[in-house]
Amino acid sequence: MKFRCFKTDLTKMLRLNVGEVLLSVSNEIMTITSNNYDIAIVNRISGITLEEGTALVDAKTFANIVRKLPDINVYLEKQNSILLIESGKAKFQIQVLNKEYPQVSYIQETNGVEVEFAKLEKALRQTMFAASTDAIKPIFTGVYMDGENFVALDTVKMAAKKMDLNINQKIIVPVKVLNEVLKFDTDKVEIFCSDKQIMFRTDKTDIIGRLIVGDFIDYRKLLNGTSVNNVSIEVNTEDLINALERALVVEKENKYPVVLNISNETLNLSVKTTVGLFEEEIPIRKSGINLTIGFNARNLINSLKAVDTEKIEMTFKNDMQACRMNGPDYTFLVMPVRIKKEGE
């Protein structure tokens, strides 16, 4: 195996730097394959093929070497059990591994859909933050796609975003797969699905991931349950984020709720902890009753950072049910935290 390419092209294609990567050279293309069974990534790099062949190497070592090379051409050559890596006057030799590497299980490329990456990226960023990180309930560790909406949730928040994919099945895609998709640098993405897998393809990269098996929750019921409200406010998104982040200065232990006191045309935020006290007032537009309600500040911040408008409408039914944030084509729900009332 002998291959020459630009270092910048090679660096862009380094993914999943754990385990091993398979380098395969043929027809002026080198493919770099990372495969841990749950997710496979195949990257294609154009260059000059001097000799076809393959080499299996440690992923982390290879990636670290490439990133440290000068920003010029890179030359790779397999010499028996050694992979030679040269760039300028820098030379490395690393061990070629003598072991079987799992083949990538490709999806049959029929009934695929092509989407604008910018549109896909926006939909993912406005839902993935709400997915659970608790592996005990795997169906909540992904984004649910039913052809009409992207939905993600855990026990305290939910995000639903309108996204028409024109697929004829309902799937749950793991967040760890979608995190790799977000690294694409492209205008268009092709998406193919089978019963057990999903593939995202660009001209340079294929990402194949296992789907999460299970029945997703009836998210429409949750949305309908928060459609009726007793108070609605309109607030500047950035002002509220900044105030909540200031509250975190004294709320370091993630156990004290930030109290929102909605009264007249003012939103008062306060939190009292063992570290100290924080208070701030933000002007709002309000309709409905006055309300005092508590939240985990980080849950509110994560939702607000996915908002793409200068102002956001937030609605509440009472101090025990979810706050609803209404965007032009998305809805976020955040559950409140019980706060002690006077006399308790």
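Please refer to the structure placed before this passage.
For the structure given in this document, a descriptive report is provided here. (Residues numbered from 1 in each chain as written. Predicted model: local features only at pLDDT ≥ 70, side-chain atom pairs only at ≥ 80, totals over all residues. Heavy atoms only, no water.)

1. A look at helix α6 (residues 237-247)
Phase 1: For α6, the full list of buried residues reads T237, L240, I241, A243, L244 and A247. The arc that holds the buried residues of α6, viewed along the axis, is 165°, so those residues lie on one side.
Phase 2: Among the structural elements, β18 (231-236), β19 (258-263), β20 (266-272), β21 (277-283), α7 (297-304) and β24 (311-316) are those in contact with the buried residues of α6.
Phase 3: In this structure N236 caps α6, since a side-chain oxygen of it lies 3.1 Å from the backbone nitrogen of E238. (Buried < 20%, exposed > 50% of the residue type's maximum accessible area, 1.4 Å probe, protein only. Helix = DSSP H or I, 4+ residues; strand = E, 2+ residues; numbered from the N terminus. Arc of directions from axis to C-beta. Contact = heavy atoms within 4.5 Å. Polar contact = N/O pair within 3.5 Å; in protein donor to acceptor, adjacent residues only side chain to side chain.)

2. Comments concerning the nonpolar core
Phase 1: Ranked by internal contacts, the top residues of the largest apolar core, which has 70 residues, are F200, L269, M314 and F316.
Phase 2: The element that contributes the greatest number of residues to this core is α6, accounting for 5 residues.
Phase 3: The residues contacting L269, other than those within four sequence positions of it, are L240, A243, L244, V258, V259, L260, F278, E279, E280 and I282.
Phase 4: Grouped together as the second largest cluster of nonpolar side chains are 26 residues, C5, V57, A63 and V74 included. (Core = buried A, V, L, I, M, F, W, Y, C linked by side-chain atoms within 4.5 Å.)

3. Focus on α7
Owing to its 3.6 residues per turn, the α-helix brings residues three or four apart onto one side.
Phase 1: Most of α7 sits inside the fold, with 6 of its 8 residues counted as buried.
Phase 2: Listed as buried for α7 are A297, N299, L300, I301, S303 and L304.
Phase 3: The N-cap of α7, judged by a side-chain oxygen 2.9 Å from the amide nitrogen of R298 a few residues on, is N296.

4. Details of the sheet that holds strand β22 (residues 285-288)
Phase 1: Taken together, 9 strands build an open sheet; the order of strands is β14-β11-β12-β13-β26-β25-β24-β18-β22 and the sheet is antiparallel. Of all strands in the sheet, those with a lone pairing partner are β14 (171-174) and β22, marking the two edges. The sheet shows a mean angle of 20° between the axes of neighbouring strands, direction not considered.
Phase 2: Of the pairings in the sheet, the one linking β18 to β22 comprises 4 bridges and is antiparallel in character. Among the inter-strand pairings, S232 is bridged to a residue of β22, identified as S287.
Phase 3: Docked against the sheet, α6 engages β18 and β24, running at close to 90° with respect to β18.
Phase 4: Relative to strand β26 (residues 330-334), α7 is tilted by about 175°, and along the sheet it contacts β13 (157-162), β24, β25 (323-326) and β26. (Pairing = 2+ DSSP bridges. Axes fitted to C-alpha atoms, helices over the stretch in contact; angles between N-to-C directions.)

5. What to know about the packing of aromatic side chains
Phase 1: What the rule picks out here adds up to 7 aromatic pairs.
Phase 2: Measuring from ring centre to ring centre gives 6.0 Å for Y144 and Y219, while their planes differ by 65°; the resulting arrangement is edge-to-face. In this pair, Y144 sits in strand β11 (residues 142-145) while Y219 sits in helix α5 (residues 219-225), placing the two residues 75 residues apart along the sequence. You'll find Y144 and Y219 in the same group, each marked buried.
Phase 3: Cluster of aromatic residues (ring-pair linked, three or more members): F140, Y144, F216 and Y219. (Phe/Tyr/Trp six-rings, centres within 6.5 Å; stacked < 30°, edge-to-face > 60°.)

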